[in-house]
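Reading the structure
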Amino acid sequence: MSGEPDALAIVNQLRDLAADPLNRQAIVQDQGCLPGLILFLDHPNPQVVYSALLAVRYLAECRANRERMRGELGMMQSLENVMKKTTTPGETKLLASEIYEILKSACNTEADQAEQASYRRKTQFFLGATNKRAKTVVLHIDGLDDAARRSLCEEALLKIKGVISFTFQMTVKRCIVRIRSDLKAEALGTAIASTKIMKAQQIVKGEDGDEVMISFEEDAPVEAEQNTDLPDYLPEEESPSKELDKAVSRVGTKQDASGWLNTAANFLTRSFYW
């Protein structure tokens, strides 16, 4: 068996684990996972690179991780290489650039950090306060019941110009989508509705911290520009990770995540350190 399917399986599992805030510090503190993700950024398969970037982006959302990530050998250089490569797809470059800027500003002054904390409090109503380039939208998708329907959602979202990344949480019928700041969330609802068998609602946090579902107006669909510049995604039926949904369902269980990280670290050690 070739090394590429194993690399794809590992990086996809790391990406899904990193999507849960409860796992992010453990992944960065692990001796093998972060260096392995950095090496994946130089992988010849663009799917591996893109998935590794998603994992790194999730890890960088944890402020406590940023200084360590910035100082990790090869991190900033690898991100620069991804941005400079002429063969790198546009959305991949955008994601690498976003991560680079976040880590570069990791050593803000105390005053800057206080100002950012104040800004986050003011924007807490929306789930995922965004920077000037991208924002996070969380969708609850009625009808997201199996892998076939998940594939339909993937196809619909990949057609939208401005979608940077997305991660599914099948057990709760959710999709976490990162999009450009100028793309309306309603465009995602229109894309999901185009499947004819599923319907999306946006999840936001109210002022009291509780989640609120907001329905999209069915009578006023928002169309978006079609995307032609994303790297190909690995089709669901060809994925080397046959138990992906099970992996997603156990995200958030620290004990299980820790055990899986040991497995991942062993793989990375065998693959990259000699």
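See the structure above.
Residues numbered from 1 in each chain as written. Predicted model: local features only at pLDDT ≥ 70, side-chain atom pairs only at ≥ 80, totals over all residues. Heavy atoms only, no water.

Strand order in the open sheet formed by 5 strands is S2-S3-S1-S4-S5, with antiparallel pairing between adjacent strands. The outermost strands of the open sheet, each flanked by one partner alone, are strand S2 (163-169) and strand S5 (211-215). Averaged over all neighbouring strand pairs, the angle between strand axes comes to 30°, with direction disregarded. Across 5 bridges, strand S4 (residues 199-205) lies against S5 in antiparallel orientation. Of the residues in S5, the one forming a bridge with Gln201 is Ser215. Each of strand S1 (134-142), S2 and strand S3 (174-180) touches helix H7 (residues 90-104); the most contacted strand, S2, lies at about 80° to it. (Pairing = 2+ DSSP bridges. Helix = DSSP H or I, 4+ residues; strand = E, 2+ residues; numbered from the N terminus. Axes fitted to C-alpha atoms, helices over the stretch in contact; angles between N-to-C directions. Contact = heavy atoms within 4.5 Å.)

Mapped onto the fold, Thr136 is located in strand S1. Of note is the side chain of Thr136, whose polar atom sits 2.6 Å from the side chain of Arg178. (Polar contact = N/O pair within 3.5 Å; in protein donor to acceptor, adjacent residues only side chain to side chain.)

With that settled, the discussion passes to the packing of helix H4 (residues 46-60) against helix H5 (residues 63-71). Running from N to C, H4 and H5 point in directions that differ by 125°, and their axes come no closer than 8 Å. In terms of orientation, H4 and H5 fall into the oblique class. Contact with H4, carried on its side by Val56, Leu59 and Ala60, involves Asn65, Arg66 and Met69 of H5 and no other residues of that element. Looking at the contact of H4 with H5, its residues break down into 4 nonpolar, 1 polar and 1 charged. (Parallel < 35°, antiparallel > 145°, perpendicular 65-115°, else oblique. Nonpolar A, V, L, I, M, F, W, Y, C, P; charged D, E, K, R; others polar.)

To continue, consider the environment of Leu157. Residue position: Leu157 is located in helix H9 (residues 147-158). Under the relative-accessibility criterion, Leu157 is labelled buried at 0%. (Buried < 20%, exposed > 50% of the residue type's maximum accessible area, 1.4 Å probe, protein only.)

Formed by 41 residues in total, the largest nonpolar core has its most connected members in Leu37, Leu53, Met69, Met75 and Leu79. Elements that contribute at least two residues to this core include exactly helix H1 (3-18), helix H2 (24-29), helix H3 (33-40), H4, helix H6 (75-84) and H7. Top contributing element to this core by residue count: H4, with 11 residues. Apart from the residues lying within four places of it in its own chain, the contact partners of Met69 are Val28, Leu34, Val56, Leu59, Ala60, Met75 and Leu103. Listed in part, the 24 residues of the second largest apolar core include Ile160, Met170, Val177 and Phe216. (Core = buried A, V, L, I, M, F, W, Y, C linked by side-chain atoms within 4.5 Å.)

Taken as a whole and judged by the stated rule, the model has 1 aromatic pair. Between Phe166 and Phe168, the aromatic rings sit 5.8 Å apart at their centres with planes inclined by 75°, giving edge-to-face as the arrangement. With respect to burial, Phe166 and Phe168 carry one shared label: buried. (Phe/Tyr/Trp six-rings, centres within 6.5 Å; stacked < 30°, edge-to-face > 60°.)

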